[in-house]
Amino acid sequence: MYTIRANFDYHYTHAMRNSLRHVADRLGFKLIEDNSILGNSIYVNDKPIGYIVYEDAFHFGDHHIIHMNANDYKKIFKYHYSPNVIDYTKLPIDSKYLDRIVPCGLWRFWDSVPGNGGSNYKWDKKDRLTRHRPIDVQATMRPTNSGTPPDQKDWPEWSHARLTLMSEARRMGTEGYNTVVHMKPRDVYANSLKDTKIGFIWSASSYLGWKIGEFVQEGVIMITEPLGKDYPLCNGVVLEDGVHCIFEKNPKNFVDVAKELLKDPVKMQEIKANCLDLWENKWSVDKIGEWFFKELIEGYNEGS
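Because the structure is a prediction, the values reported are computed rather than measured.

**What about the overall build of the chain?**
Part 1 of the reasoning: Of the regular secondary structure elements, the chain holds 9 helices and 11 strands.
Part 2 of the reasoning: Projected onto the principal axes, the alpha-carbon positions of the chain cover approximately 65 × 45 × 30 Å.
Part 3 of the reasoning: With 304 residues in all, the chain has 52% of them scored as buried.
Part 4 of the reasoning: Taking as baseline every contact in the chain between residues at least 6 positions apart, the subset at least 24 positions apart corresponds to 73%.

**Considerations on helix 4 (residues 157-174)**
Part 1 of the reasoning: With 18 residues, helix 4 should reach 26 Å at 1.5 Å per residue; the first-to-last C-alpha distance of 26 Å fits that figure.
Part 2 of the reasoning: Every buried residue of helix 4 is accounted for by Trp158, Ser159, Ala161, Arg162, Leu165, Met166, Glu168, Ala169 and Met172.
Part 3 of the reasoning: Those residues of helix 4 that are buried lie in contact with strand 7 (135-138), strand 8 (179-180), strand 9 (196-200) and helix 7 (254-262).
Part 4 of the reasoning: Glycine 176, located one to two residues past helix 4, shows a positive phi value of around 105°.

**Brief notes about the nonpolar core**
Part 1 of the reasoning: Formed by 91 residues in total, the largest nonpolar core has its most connected members in Trp107, Phe200 and Trp283.
Part 2 of the reasoning: The element best represented in this core is helix 9 (residues 285-302), accounting for 8 residues.
Part 3 of the reasoning: Residue contacts for phenylalanine 200: discarding those within four places in its chain leaves Val137, Gln138, Ala139, Met141, Leu165, Ala169, Phe215, Ile223, Phe254, Val255 and Ala258.

**A few points about the sheet that holds strand 10 (residues 221-224)**
Part 1 of the reasoning: Strand order in the open sheet formed by 5 strands is 8-7-9-10-11, with parallel pairing between adjacent strands. Bordering the open sheet on either side are strand 8 and strand 11 (245-247), each of which pairs with just one other strand.
Part 2 of the reasoning: Bridge analysis of strand 9 against strand 10 gives 3 bridges, and the strand direction is parallel. Considered in strand 10, the bridge of isoleucine 198 is made with isoleucine 221.

**A few points about the side chain of glutamate 225**
Part 1 of the reasoning: Structurally, the position occupied by glutamate 225 is in the loop between strand 10 and strand 11.
Part 2 of the reasoning: A polar contact is formed between the side chain of glutamate 225 and the backbone nitrogen of serine 203, at a distance of 2.7 Å.
Part 3 of the reasoning: Apart from the residues lying within four places of it in its own chain, the contact partners of glutamate 225 are Ile201, Trp202, Ser203, Tyr207, Phe247, Glu248 and Phe254.

**Let's talk about helix 9**
Part 1 of the reasoning: Along its 18 residues, helix 9 runs 26 Å from first to last C-alpha, staying within 8% of the 26 Å computed at 1.5 Å per residue.
Part 2 of the reasoning: Those residues of helix 9 lying buried are Val285, Ile288, Gly289, Trp291, Phe292, Phe293, Glu295, Leu296, Ile297, Gly299 and Tyr300.

**Points about the sheet that holds strand 6 (residues 101-103)**
Part 1 of the reasoning: Taken in spatial order, the 6 strands of this open sheet run 2-1-3-4-5-6, and their pairing is mixed. Bordering the open sheet on either side are strand 2 (29-33) and strand 6, each of which pairs with just one other strand. On average, adjacent strands in this sheet sit at an angle of 25° to one another, irrespective of strand direction.
Part 2 of the reasoning: Those strands touched by helix 2 (residues 62-69) are strand 4 (47-53) and strand 5 (75-78), and its axis lies near 165° from that of strand 4.

**A closer look at the side chain of asparagine 40**
Part 1 of the reasoning: With respect to the helices and strands, the residue asparagine 40 is situated in the loop between strand 2 and strand 3 (41-44).
Part 2 of the reasoning: Look at asparagine 40 and you get buried, because its relative accessible area is 8%.
Part 3 of the reasoning: The residues contacting asparagine 40, other than those within four sequence positions of it, are Asn7, Asp9, Gly50, Tyr51, Ile52, Tyr54 and His64.

**Some words on the packing of aromatic side chains**
Part 1 of the reasoning: The tally for this structure, following the rule as stated, stands at 21 aromatic pairs.
Part 2 of the reasoning: Measuring from ring centre to ring centre gives 5.7 Å for phenylalanine 58 and tyrosine 231, while their planes differ by 50°; the resulting arrangement is tilted. Remark: tyrosine 231 occurs in the loop between strand 10 and strand 11 and phenylalanine 58 occurs in the loop between strand 4 and helix 2; sequence separation between them is 173 residues. Neither phenylalanine 58 nor tyrosine 231 differs from the other in exposure class; each is buried.
Part 3 of the reasoning: By way of ring pairs, the aromatic residues Tyr2, Phe29, Phe293 and Tyr300 are connected into one cluster.
Part 4 of the reasoning: If you follow lysine 78 out to its NZ or CZ, it ends over the ring of phenylalanine 60, 5.2 Å from the centre.

**Focus on the pairing of strand 9**
Part 1 of the reasoning: Within strand 9, 4 of the 5 residues are buried, which leaves the element mostly enclosed by the surrounding structure.
Part 2 of the reasoning: Bridging between strand 7 and strand 9 involves 3 bridges; their strand directions are parallel. Within the sheet, the bridge partner assigned to isoleucine 135 lies in strand 9 and is threonine 196.
Part 3 of the reasoning: With helix 6 (residues 211-218) bridging strand 9 and its parallel neighbour strand 10, the resulting β-α-β unit is right-handed.

Rules used throughout
Counting of residues starts from 1 at the beginning of each chain's written sequence and follows it residue by residue. At least 70 in pLDDT is required for a residue's local features to be given in this predicted model, at least 80 for side-chain atom pairs to be given and counted, and no such filter applies to totals for whole chains, interfaces and linings, which use all residues. In computing side-chain values, all of the structure's heavy atoms are included and hydrogens and water are not. Helix and strand assignments come from DSSP, with helices taken as H or I runs of at least 4 residues and strands as E runs of at least 2, each series counted from the N terminus. Relative accessibility under 20% of the residue-type maximum defines a buried residue, over 50% an exposed one, and the middle range a partly exposed one, all with a 1.4 Å probe and only protein chains included. The contact criterion used is simple: two residues touch if any of their non-hydrogen atoms lie within 4.5 Å. Expected helix span is computed as 1.5 Å times (number of residues minus one). Here, nonpolar core means buried Ala, Val, Leu, Ile, Met, Phe, Trp, Tyr and Cys residues that are tied together by side-chain atoms lying within 4.5 Å of each other. For two strands to count as paired, DSSP must find a minimum of two bridges between them. Think of a polar contact as two N or O atoms within 3.5 Å of one another; within protein, one of them needs to be a possible hydrogen donor and the other a possible acceptor, and neighboring residues in sequence only count if both atoms come from side chains. Axis lines are fitted to C-alpha atoms, over the contacting stretch for helices. Their N-to-C directions set the angle, which ranges from 0 to 180 degrees. Aromatic rings from Phe, Tyr and Trp, taking only the six-membered ring of Trp, are treated as a pair when their centres fall within 6.5 Å; an angle between ring planes under 30 degrees marks them as stacked, one over 60 as edge-to-face, and anything in between as tilted. Put simply, a charge is over a ring when the Lys NZ or the Arg CZ is close to the ring centre, within 6 Å, and near the line of the ring normal, within 35 degrees. Orienting the strands away from the viewer, one traces the path from the first strand over the helix to the second; a clockwise path indicates a right-handed crossover.

All quantities given are derived from atomic positions and should not be read as evidence of function.
Here's what the structure looks like:
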């Protein structure tokens, strides 16, 4: 039996922890939370195998580089990773890690989120595929975060883009569409996704956002900045334009894209079905737990 010891010391990583916990008995391994080992580290049978880099940036923070270079991790689980955007060979990490980086983000499942019913949450594919969805568009986004300057004239581009999307969604509401813009408590928001046809996403300080997984698992069709091969996600998932979502570079065009999509229920049903298939086959807690465990054991065997 394998024994996995891990220090998941930040809430971003708790869903990954819970995915391992979910499959431990079925796959026959023991999971121990061990705060005595380095934060973000995962040991297999007392060997340091995995290390999680969960921050929003595509690069590696100095503290991660120090920790990685001081150890011989076999798998670096990187939440934001894109070799097409960043040349990782120019970063001061040991070159051995260049082939050990595993795209890992962003993913969580609703029963792993506090305030959302815990294990009472039930995912029903047939329900998500066939249920009536009265909300045409949801554009619930914060235009600021803790690093946003107080003066709006100094706000970054992403803040103005989000304000545009929210304003345009409100305008759709005046035209007879059912739109939701105001932020809600997490459990209310989660439940509302089941009733939502289309969701707007625009990145903030990180390019990838939690809404990606949240929308996919509930069958919400997202209109988002381009993702695709430049932005791989966990378990080998690459989102495709027109298959899992719609890519649009200009926030001013999101409403026009949404209106055209709402005129085509057949296309919407196809994309929704693709999202739900993706969740079932790649992103369910079972599949992510299996994938995460497989990656760790592969790294362990490579180092044996």
